Amino acid sequence: MKRISIPLAFDRFLLAAVVLGAGLSGSRASAQYAGEMTELYGRGVHSYFAGRLHEAEQQFTDVINAGTSDPRVYYFRAMARLRTGRSYEAAEDLRIGAMYEARDPGGASQIGQSLARIQGPGRQLLERYRRQARVERAQEQRQISQARYEEQRSNEQQVLRQPAPLDLR
């Protein structure tokens with residue numbers, strides 16, 4: 001069996017994903033499960049870049065069905081689907097992945113690194129979805145902030161308008 005050399009950075013990524021995926025709970029079962037899902041994701045990425053698109057799609061689908069919210073899984077499945085001519089399904093995956101990423105923007109640099117090898121029209125499409133999701137999330141946050149402000153302002157007015165009882169003794 002031929003052994004594939006995996007760069008050290010990927011090993012660190014896998015370790016970090018296992019630790020984060022386990023939720024730092026210390027539970028052996030959940031760490032093992034997260035490790036299995038991370039391994040399956042990694043195999044999917046390798047299958048994708050090896051051109052085994054149907055195999056990659058199935059591996060990503062298995063990770064998604066296990067309940068992941070990692071946008072990279074959706075992005076890679078979308079790229080596999082684009083390359084097999086299933087653009088409608090790919091667009092849905094891009095939308096979902098971008099939504100997950102916009103909810104937790106702290107991992108954007110890791111996501112960018114994971115997607116570095118994806119180039120061309122597929123990457124341009126992916127970046128459009130990522131940008132759109134960030135814009136929509138910012139608008140949503142602004143609306144929430146505005147609603148909170150209006151509620152606070154309304155509550156302030158009610159408090160200020162209440163007459164204070166005077167003791168006339």
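First, a word on what this report is: a plain description of the structure on this page.

About the criteria used
Residues numbered from 1 in each chain as written. Predicted model: local features only at pLDDT ≥ 70, side-chain atom pairs only at ≥ 80, totals over all residues. Heavy atoms only, no water. Helix = DSSP H or I, 4+ residues; strand = E, 2+ residues; numbered from the N terminus. Buried < 20%, exposed > 50% of the residue type's maximum accessible area, 1.4 Å probe, protein only. Contact = heavy atoms within 4.5 Å. Core = buried A, V, L, I, M, F, W, Y, C linked by side-chain atoms within 4.5 Å.

## Section: the side chain of Arg-130
And step 1. Structurally, Arg-130 is set in helix 7 (residues 121–161).
And step 2. Accessibility expressed as a relative area gives 6% for Arg-130, which makes it buried.
And step 3. Aside from chain neighbours lying at most four places away, what touches Arg-130 is Tyr-75, Ala-98, Glu-101, Ala-108, Ile-111, Gly-112, Leu-115 and Arg-123.

## Things to note about the nonpolar core
And step 1. Counting residues in hydrophobic clusters, the biggest one holds 27 residues, and the most contacted among them are Tyr-41, Tyr-48, Phe-60, Tyr-75, Phe-76, Met-79 and Leu-115.
And step 2. Mapped onto this core, the elements with two or more residues apiece are helix 2 (28–49), helix 3 (53–65), helix 4 (71–83), helix 5 (87–103) and helix 7.
And step 3. In terms of residues, this core owes the most to one element, helix 4, which gives seven residues.
And step 4. Not counting residues within four places of it along the chain, the set of residues in contact with Tyr-75 comprises Leu-94, Gly-97, Ala-98, Glu-101, Ile-111, Leu-115, Leu-126 and Arg-130.

Spatial relationships are all this shows, so hold off on functional conclusions.
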